[in-house]
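Summary of the model geometry
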Amino acid sequence: MNPEDLPDLRGLKDTKNYQSLEYDPRKRVLLTNRPFTIFAMLLDRTLGDFIYRNLFAATVRLRFRNSRLIVYYRPDRPYKDPIIELNPYISWAWKSEGSNGIPIDYFDYMGGRPVRPRDKFWFHSLSAEPDLVLTPSIMDFDGLRGLAPFARFAVPSDRAGPLHEQLLRAGVNKHRWFCVLHYREAGYRDSDAQIDRDLKAENPEAIIDHIIQQQDGQVVRIGHPGMTPIPARPGFVDISGENESVLLHAYAVSRARYFLELTPSGPVGFASAFGVPMARCNALSTLGPLEKPSFAMMQHIVGPQGQRVPRDVAVAKGLYSTLAVKKVIARYGFHFVRNSLAELCAAANEIFERTADVQGWRLPGPPLVSSFPEEFTLPLAPPPGVEIIEFPAAMANFS
């Protein structure tokens, strides 16, 4: 027997149990194309968390040249299916099979399995044999900032045309740039009221007028259908009340010159996902902005004696975080003070100046270029800091 006549089957060690294989009899070589398989558990319910978790998983896939991303989620909110549709990095998406979800036994791919998936594609899609499993705790929002380049959402081509026409019918002028405005307001059906995040309509009207009159721009407001109506005015388009509006809102953000957030809320995730510069005002944490020219402007922290805690001190002491807000701040007599109208207008002017290169509707960005480092390291490295801006103290109002 000539050893050269024996088939070369070394490729078997790099294959999955249910992976398709091809043998080349001429070269006597087993041909494989083993992808690095990522399984992401997208278990969040809130809009912003679901967007950022999708973005994290997609960004991890971008680090591996030959890879696939499989996700699992529960379609218990109307915005989840559209967000999955906007994530072009997903190879396959599994939805929950009832109230109990999928059992962890589904990852048992050996013989004699006590629990068997109803859909055999579970195995042939390599869902049962991932190289990396991303849990919500791994997909840390702060850690995402250290994983650049970031993946980008994309509006499917068959959706873009109708959504474009829908924006035009709503009243957006196709010959002029526009910004997207959002803020959190009480009345959203899937979340309780939050005094530090909900905003009444007085400031938004003044901001809208400022952008229209001082920047010569258009303002498109997005949000939930229960938001307080704002009187019509030239240059203002309100699509917050549109039914089945998630894709329309996402498309509007993707074409906007900038995203202006007056209080922290989930739709800001669309700005990150489409790479649209944002000004995140009245921020309570440093989550949100992933890269320049985006920035955050924090709410002011005022102590028991009425003294303002300097921003740099508050950041260094970790006072701007969700846990600090909920567990510590109020207990010791500290409270938050919102950004004043003057500060909000100054932030709008700052992001306006930073996006001077966009004079019409924003165009989709070029394809992302990745060096494919072929690695993902845990624990995540400390991320770069968010750019935080502030304006002269005279602009603030602590009364």
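A short tour of the structure in this document, coming up. (Residues numbered from 1 in each chain as written. Predicted model: local features only at pLDDT ≥ 70, side-chain atom pairs only at ≥ 80, totals over all residues. Heavy atoms only, no water.)

This brings us to the overall build of the protein. Assigned secondary structure in the protein consists of 11 helices and 14 strands. Relative to its 399 residues, the protein shows a buried fraction of 49%. Across the protein, the fraction of contacts at a sequence separation of at least 24, relative to all contacts at a separation of at least 6, is 68%. Accessible surface for the protein amounts to roughly 19700 Å². Of this, 53% is attributable to carbon and sulfur atoms. (Helix = DSSP H or I, 4+ residues; strand = E, 2+ residues; numbered from the N terminus. Buried < 20%, exposed > 50% of the residue type's maximum accessible area, 1.4 Å probe, protein only. Contact = heavy atoms within 4.5 Å. Areas by Shrake-Rupley, 256 points an atom, 1.4 Å probe, with all protein chains shown as cover.)

Looking down a regular strand, the side chains alternate between one sheet face and the other. Of all 7 residues in strand E3 (residues 36-42), 5 are buried, a share of seventy percent or more. As paired elements, E3 and strand E4 (residues 67-73) share 7 bridges and run parallel to each other. Bridging across to E4, Ala40 finds its partner in Val71. Remark: the E3/helix H1 (residues 47-61)/E4 crossover connection has right-handed handedness. By the bridge criterion, 3 bridges tie E3 to strand E6 (residues 132-134) in an arrangement that is parallel. Directly across from Ile38, in E6, lies its bridge partner Leu132. (Pairing = 2+ DSSP bridges. Right-handed = clockwise from strand over helix to strand, strands pointing away.)

Inspection of the entire model under this criterion finds 2 cavities of 30 Å³ or more. Roughly 60 Å³ of internal volume is contained in the largest cavity. Each residue belonging to the lining of the largest cavity can be placed in one class, and the counts come to 5 nonpolar, 3 polar and 4 charged. Here the second largest cavity defines a volume of roughly 40 Å³. Taken together, the residues of the lining of the second largest cavity break down into 5 nonpolar, no polar and 3 charged. (1 Å grid on protein atoms, 1.4 Å probe; cavity = no way out; pocket = protein on both sides within 12 Å on 5 of 7 lines; lining within 4 Å. Points joined across faces, edges and corners; volume = space filled by probe spheres on them. Nonpolar A, V, L, I, M, F, W, Y, C, P; charged D, E, K, R; others polar.)

Looking at the element boundaries, Asn54 is found in helix H1. Among the polar contacts made by the side chain of Asn54, one reaches the side chain of Asn87 at a distance of 3.0 Å. If near-sequence neighbours (up to four positions away) are discounted, Asn54 is found in contact with Leu42, Ile83, Ile84, Asn87, Ile90 and Phe153. (Polar contact = N/O pair within 3.5 Å; in protein donor to acceptor, adjacent residues only side chain to side chain.)

Attention now goes to the sheet that holds strand E10 (residues 259-261). By definition, the strands of a sheet pair up through backbone hydrogen bonds, in either a parallel or an antiparallel sense. If you walk across this open sheet you meet the 6 strands as E9-E8-E7-E10-E11-E12, and the pairing is parallel. With one partner strand each, in any of the chains shown, strand E9 (236-238) and strand E12 (295-298) form the two edges of the open sheet. Across the sheet, the mean angle from the axis of one strand to that of its neighbour is 20°, orientation sign disregarded. Relative to strand E8 (residues 218-221), strand E7 (residues 178-182) runs parallel, the two sharing 4 bridges. (Axes fitted to C-alpha atoms, helices over the stretch in contact; angles between N-to-C directions.)

Right, let's talk about the layout of surface pockets for a bit. In this structure, the second largest pocket occupies an estimated 740 Å³ of space. Taken together, 33 residues form the lining of the second largest pocket, with Arg152, Phe274, Leu363, Pro364 and Gly365 sitting closest to its centre. When contributions to the lining of the second largest pocket are tallied by element, the ones reaching two or more residues are helix H7 (246-255) and helix H8 (268-274). Considered class by class, the residues forming the lining of the second largest pocket number 20 nonpolar, 6 polar and 7 charged.

Another aspect to go through is the pairing of E4. Of all 7 residues in E4, 6 are buried, a share of seventy percent or more. With 4 bridges joining them, E4 and strand E5 (residues 92-95) adopt parallel strand pairing. Residue pairing for E5: Val71 is matched across the bridge by Ala93.

A few words now on the nonpolar core. With 62 residues, the main nonpolar core has Val60, Leu134, Leu167, Val180, Phe270 and Phe376 as its most contacted residues. Looking at this core, the element that brings in the most residues is H1, giving 9 residues. Discounting residues that sit within four places of it in the chain, Phe270 has contacts with Ile51, Ile83, Leu86, Val246, Ala250 and Val253. (Core = buried A, V, L, I, M, F, W, Y, C linked by side-chain atoms within 4.5 Å.)

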